[in-house]
4 protein chains.
Amino acid sequence: MIKVGIVGGTGYTGVELLRILASHPQAEVTVITSRAEAGRQVSELFPNLRGHYDLAFSEPSKEVLLECDVIFFATPHGVAQAMMAELIEGGARVIDLSADFRIRDIATWEKWYGQKHGCPDLVASAVYGLPEVNREKIKSAQLIACPGCYPTSIQLGFLPLLEKGLIDVSSLIANSASGTTGAGKQASVPNLFSEASDSFKAYGAAGHRHLPEIEQGLVDIGGEHANGLSLTFVPHLLPTIRGIHSTLYAKLKGDAGDLQALYEQRYANEPFVDVLPKGDFPQTRTVKSTNMCRISVIEPQERGTVVIMSVIDNLTKGASGQGVQNMNIMFGLDENMGMSSPAILP
Amino acid sequence: MIKVGIVGGTGYTGVELLRILASHPQAEVTVITSRAEAGRQVSELFPNLRGHYDLAFSEPSKEVLLECDVIFFATPHGVAQAMMAELIEGGARVIDLSADFRIRDIATWEKWYGQKHGCPDLVASAVYGLPEVNREKIKSAQLIACPGCYPTSIQLGFLPLLEKGLIDVSSLIANSASGTTGAGKQASVPNLFSEASDSFKAYGAAGHRHLPEIEQGLVDIGGEHANGLSLTFVPHLLPTIRGIHSTLYAKLKGDAGDLQALYEQRYANEPFVDVLPKGDFPQTRTVKSTNMCRISVIEPQERGTVVIMSVIDNLTKGASGQGVQNMNIMFGLDENMGMSSPAILP
Amino acid sequence: MIKVGIVGGTGYTGVELLRILASHPQAEVTVITSRAEAGRQVSELFPNLRGHYDLAFSEPSKEVLLECDVIFFATPHGVAQAMMAELIEGGARVIDLSADFRIRDIATWEKWYGQKHGCPDLVASAVYGLPEVNREKIKSAQLIACPGCYPTSIQLGFLPLLEKGLIDVSSLIANSASGTTGAGKQASVPNLFSEASDSFKAYGAAGHRHLPEIEQGLVDIGGEHANGLSLTFVPHLLPTIRGIHSTLYAKLKGDAGDLQALYEQRYANEPFVDVLPKGDFPQTRTVKSTNMCRISVIEPQERGTVVIMSVIDNLTKGASGQGVQNMNIMFGLDENMGMSSPAILP
Amino acid sequence: MIKVGIVGGTGYTGVELLRILASHPQAEVTVITSRAEAGRQVSELFPNLRGHYDLAFSEPSKEVLLECDVIFFATPHGVAQAMMAELIEGGARVIDLSADFRIRDIATWEKWYGQKHGCPDLVASAVYGLPEVNREKIKSAQLIACPGCYPTSIQLGFLPLLEKGLIDVSSLIANSASGTTGAGKQASVPNLFSEASDSFKAYGAAGHRHLPEIEQGLVDIGGEHANGLSLTFVPHLLPTIRGIHSTLYAKLKGDAGDLQALYEQRYANEPFVDVLPKGDFPQTRTVKSTNMCRISVIEPQERGTVVIMSVIDNLTKGASGQGVQNMNIMFGLDENMGMSSPAILP
């Protein structure tokens, strides 16, 4: 059994890790930390876990964490940076669900996150944990920077076109929408049911922290095809609990051939990317609680603009599930171990 | 592997059976019937099942069904009656999720369901599939009448008090609320999102079909303590997808002792009944997609009226999950096989 | 024009007052106070009011408030008590939407609200602002204690039966459910969309602050018929923005006669109580944004238990709308002035 | 009083007309037709109208309709065509909320709506009822083709930029989302609460019927600036009852100047278009039940792509409210008569 430690497990990515790992046949959560909730049973904070865990939150301790085979950070940005050096030095393998090690350019990170980076030396060694792009590097990685939720849905959506250089990268558009769990478990007036229900709005259109991560990822995917890449990214807040839906737009450079076949072939062997039959469009509910990304591609009216729809569960493929997928790859397990159940529907 | 047949699998209890059985290590769905959808892949109708089933709907056929080890009926009332005699005669073991064999008094059934019963001879042999009451009989049963959703939540709520004769049974009250999946997958104006969202209402208060089933079950549980039992049952429609919440009221006969201990002890060995700590009240979301029933009991202000809250997922413990629980018991398997994952939360 | 002052207008009852009064032909909001938001335009805080108000929040000031013809308190409990004496002394007419002056027994108030009452001398002079009971007293009142939301729905539901002494008052039951705006606009984890959506639960069943208010009101209504009155009150949290639905249960003392006629006659002249035709049950959405209370009464199966369903909008008839109704009565206006529009539906 | 007739008033645009006109001081609904519901009180079908109308549905009759001062069609496409010739000949003034007379090119209409046009001769005389563009023509029009919901939100969003020729029209993008009332009141499985709640999806991306209407409108607005105009339009289904949110993307041709000032000036005198302060983005809930369109404009990161967000209530500014706005203009009334109340919030 893989001994798993979770740092900062009181939020939504924490409980999602606990939920997934409760059904994982080869992993066991042996320690979960929280300064605020130290001493409290996890099943007391998360009533869905009653009967599944006999485990209490504890104060974070380097020694205890280093006894784990793998450590997840389910913390706000800034926290993993502060502890990472000593854990890596101690030989730990770490999967960071936060944004701390995703962006390679330190100045860019510091600009968008508004603070000094606490561990710039380790950024270069971190592997960006998008298995569909970096599977080989993940196998031997010591430090995984797990992708953000919007970035996952957008990169997987553009990937087949970008790799082949079929689109004009100078004016890509990503129109995305996220359920309210994307904002985490912090109490806030705008995320009250009374405020967010039965409504819809854009936010962060002037500049969202995920923009530099997405552009970096798209450039990595596109390589030489990505020169001059520029993305307009507008996130929206959905009155749903989970789910990210990205509608992507790009101009085709010329005759792009059979787009449906392109996507089906590229993702034929990916356990967690499902290209829908032509004419079907993905619904967020069909991936709820799963690690699946469902994708459609279409060129409406054959007018030269391609539209891709991509859906994921922001807490699963967009965070904790992708983290477990990375863990499975790191430990040589079946990639979908612990995550093979269908979505709940309806 | 247990070969499972499903009759009428295009509705919500059908897809819920498919979802649960996709993760069941000892059972495999080998046939699923639907006249309307014959020939169509189940994953085409239910996109959450893409990648989980290579199975098409087929026309119902006695011969094919008799090759199964167990047959589920996920049909509207009236359908199972018409096919049951020949299946039972052919040696099949059947779990009927519909109301056809739940009520022992044929005249009562015919009055509430407004039609002639198509198979009255088999009613007496059917076992009412509430494991917390009838576990022993279920083991050897050939025909299981799986309880309704409201009846499950209400019977499990009153059970410990009724068995001990602690409440005045002459004026029991069950105030219940169900998510919209309780109405099935039929197109109807009142169940449109536009009509049911952001609203709440009672319905069927003059007389709901579940009333005679609930009263029969309560009388069975209470035995001599249930003389003169009368229930007022008011169901309500919740703007949620799944979930039943029953708030039950009864007058205590005298000093009932420690209600919390009574419930905890009665359900100590039940895998799917969870009595919450004193002061906690159950939320429907904590049982979503699971077979769990969560219960609280309280005597507000010590005024002699006991209040019980009981929640289940109407499609799982209220239908298909309870069906699988019955199947597990019938085949000597662990009762929670295939249903051991925690609820999704949030 | 009636000059209206609002103390503490940043919450949901505040914006609801502003919304209603924006369409009131005889009243004008001339001052609205908030220490936290002083100087900010109301339309900046409440974007639905853009174009309707050119008014900024100001620091509360006795002098400025005393220039108003009527002052509404839309504050948490405890605030109105602290300012009331000087306002009343200054001749102000006040409509308090909070709980400060609703309960006549000071000790009871202090027990349930957990603090010393700040103005016990004025409690006896306050008129409980339920027009269907106290219309005459309201006309000349100087201080109105506007009823709570649950209390309004429950009192109007039981009223016709209580007045006539037709029910056994020793074990009344009120099973109520409220939308999330009932909890106000405070940031809190349990009221996040992620937590409250797609779920349902009871809360406060051990004892809710509205219980003593409701019982006091029912005793006032029942008079001699209310000896020994005892209510079990269980509130629930609905995944809706607005709306209260109360399902009330009582044992009939004997032959109660024509319940439908009783309710229709009692409320025939009430502008804001609508008794539905027999067989119809009220939906919360049909009263959304209106001051209407819709009621049904039924004796299911003629078994001696009467069931009443009563719905209101918690922010309108349950708070601000009822406040304006009181104001209209106090100033001799048509009772429904400013509140004559139908509900939005769907 | 203006005598108003409504043809086909049983759907959502019908009840929205009735709701608005109930508060209109200069108009009165004197006849409302429905073959299916003839003889039934409107308040029986729409319980929010109880107490507001003493009016029953009647069989459509040319004679009765011709007694009205204005006739609204709130019917599916195809119906108005069949009755229009005789009504126009009889001198009626008609406001058609359906798509029958919106598209000037008959062949285009017939292609997208899949049927022969029933009244091609009158198409040329119909005025497209978008007041912000055609106010003068509306004043004297006999037949108004009221714009669709998506078209209204998209045209008002692009209008200021298009009029000035500031954007590259060859690849406009409209990413829109609508609440479920956009699909009308027909019973259908995909619009059940159980199916549409807590989910999000695109639909009609291969070609939605509103596309030719939108492009025609944009070309009319842009004039010479609109040569070669091409729009990619992707509608999505929101889990909200009402509301349309359009996020529009276009490439700026060069330095476009102060976009905020451009929008504020263009709409300074429009009673139903509200340009939000810079940095604010519109929420659909702030226009719910109102005829308002709220708009924001931004050039993210100053990268040459302009983003416009535009929200309306699909049943009000997107249908019935815009119809009443047209009526007010036609009869020389204040344009916002009957529609001056703020939105409900929260």
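Here the structure is a predicted model, which is why all the values come from computation and not from measurement.

Asks: It is not clear to me how the overall build of chain A should be interpreted in this structure. Could you clarify?
Replies: A count of helices and strands for chain A gives 11 helices and 13 strands. Its C-alpha radius of gyration of 20 Å places chain A within 12% of the 20 Å reference for a compact globule of 346 residues. Taking the principal axes of the C-alpha coordinates as reference, chain A spans close to 60 × 45 × 40 Å. The buried share of chain A, reckoned over its 346 residues, is 66%. Of all intrachain contacts in chain A linking residues separated by at least 6 positions in sequence, the fraction that spans at least 24 positions is 71%. Treating the 28 positive side-chain charges of chain A as one cloud and the 37 negative ones as another, the clouds have centres 3 Å apart.

Asks: Would you mind going over the sheet that holds strand 4 (residues 70–73) of chain B with me for this structure?
Replies: Strands pair in a sheet through their backbones, by hydrogen bonds, and they do so in one of two ways: parallel or antiparallel. All names here are of chain B. What the seven strands build is an open sheet, ordered 3-2-1-4-5-7-6; its pairing is parallel. One side of each edge strand has no neighbouring strand; the edge strands of this open sheet are strand 3 (57–58) and strand 6 (127–128). Alignment of strand 1 (residues 2–7) against strand 4, held across four bridges, turns out to be parallel. The residue of strand 4 that forms the bridge with Gly5 is Ile71.

Asks: How should I be thinking about the relation of the copies chain D and chain A in this particular structure?
Replies: Note that the two copies of the chain are related through a rotation about an axis and a translation along the same axis. Overlaying chain D on chain A yields an RMSD of 0.0 Å, the required transformation being a rotation through 180 degrees with an accompanying axial translation of 0.0 Å. Such a combination of rotation and displacement between the chain copies is what one expects of a two-fold axis. Across chain D, the smallest distance between a C-alpha and the rotation axis is recorded for Pro239(D), namely 3.3 Å. A symmetric contact is evident, with 100% of the interface residues of chain D recurring at the interface of chain A.

Asks: Please clarify how empty space enclosed by the protein should be interpreted in this entry.
Replies: Applying the stated criterion across every chain, the model contains 18 cavities of 30 Å³ or more. When its volume is computed, the largest cavity comes out at roughly 200 Å³. The residue inventory of the lining of the largest cavity, partitioned by class, reads eight nonpolar, five polar and four charged.

Asks: So what exactly am I meant to see when it comes to helix 4 (residues 79–89) of chain D here?
Replies: Spacing of three or four residues puts side chains on the same side of an α-helix, whose turn is 3.6 residues. All names here are of chain D. Regarding helix 4, the residues found buried are Ala80, Gln81, Met83, Met84, Leu87 and Ile88. Each element contacted by the buried residues of helix 4 is listed here: strand 1 (2–7), helix 3 (62–66), strand 4 (70–73), strand 5 (94–96), helix 5 (106–113) and strand 7 (143–145). Positive backbone phi, at 90 degrees, marks Gly91, one or two positions downstream of helix 4.

Asks: Is there a simple way to think about the sheet that holds strand 9 (residues 201–202) of chain B in this case?
Replies: Residue and element names in this part refer to chain B. Spatially, 9-10-8-11-14-13-12 is the arrangement adopted by the seven strands of the open sheet, whose pairing is mixed. Edge positions in the open sheet fall to strand 9 and strand 12 (273–275), since each of these has one partner strand only. Note: strand 13 (residues 293–298) against strand 14 (residues 305–312), five bridges, orientation antiparallel. What sits directly across from Ile295, in strand 14, is Ser310. Against the sheet, helix 10 (residues 259–266) engages strand 11 (244–252), strand 12, strand 13 and strand 14, with an angle of about 155 degrees to strand 13.

Asks: How should the side chain of Gln325(C) be read in this particular structure?
Replies: Residues and elements named next belong to chain C. Of note, Gln325 is situated in helix 11 (residues 316–330). Judged by relative accessible area, which is 0%, Gln325 ranks as buried. Of the polar contacts made by the side chain of Gln325, one reaches the side chain of Asn291; its length is 2.9 Å. Side chain to side chain, Gln325 and Glu335 meet in a polar contact 2.8 Å long. Dropping the residues within four chain positions of it, Gln325 is found in contact with Pro131, Glu132, Arg135, Phe272, Asn291, Lys317, Glu335 and Met339.

Asks: Whenever I open this one, the interface of chain D and chain A confuses me. Can you help?
Replies: By convention, interface size is frequently given as the accessible area that disappears when the constituent parts associate. The partner chain A presents 48 residues to the 48 residues of chain D that form the contact. Overall, the association of chain D and chain A removes approximately 3,900 Å² of surface from exposure, summing both partners, and the carbon and sulfur fraction of that is 53%. Three residues stand out in chain D for area buried against chain A, namely Asp198(D), Phe200(D) and Arg303(D), and they jointly supply 16% of the buried area on that side. There are six salt bridges connecting chain D and chain A. The tally of links from chain D across to chain A stands at 24 residue pairs in polar contact (both at pLDDT 80 or more). Secondary structure elements with two or more residues in the side of chain D that touches chain A: strand 8 (167–178), helix 8 (193–196), strand 9 (201–202), helix 9 (210–222), strand 10 (231–237), strand 11 (244–252) and strand 14 (305–312) of chain D. Partitioned by chemical class, the residues of the side of chain D that touches chain A number 23 nonpolar, 17 polar and eight charged.

About the criteria used
Residues numbered from 1 in each chain as written. Chains lettered and ligands numbered in written order. Predicted model: local features only at pLDDT ≥ 70, side-chain atom pairs only at ≥ 80, totals over all residues. Heavy atoms only, no water. Helix = DSSP H or I, 4+ residues; strand = E, 2+ residues; numbered from the N terminus. Rg over C-alpha atoms; globule rule 2.2 N^0.38 Å. Buried < 20%, exposed > 50% of the residue type's maximum accessible area, 1.4 Å probe, protein only. Contact = heavy atoms within 4.5 Å. Lys, Arg positive; Asp, Glu negative; His and termini not counted. Charge placed at Lys NZ, Arg CZ, Asp CG, Glu CD. Pairing = 2+ DSSP bridges. Least-squares fit on C-alpha atoms with pLDDT ≥ 70 in both. 1 Å grid on protein atoms, 1.4 Å probe; cavity = no way out; pocket = protein on both sides within 12 Å on 5 of 7 lines; lining within 4 Å. Points joined across faces, edges and corners; volume = space filled by probe spheres on them. Nonpolar A, V, L, I, M, F, W, Y, C, P; charged D, E, K, R; others polar. Axes fitted to C-alpha atoms, helices over the stretch in contact; angles between N-to-C directions. Polar contact = N/O pair within 3.5 Å; in protein donor to acceptor, adjacent residues only side chain to side chain. Buried area = accessible area lost by both parts, 1.4 Å probe. Salt bridge = Lys/Arg side-chain N within 4 Å of Asp/Glu carboxyl O.

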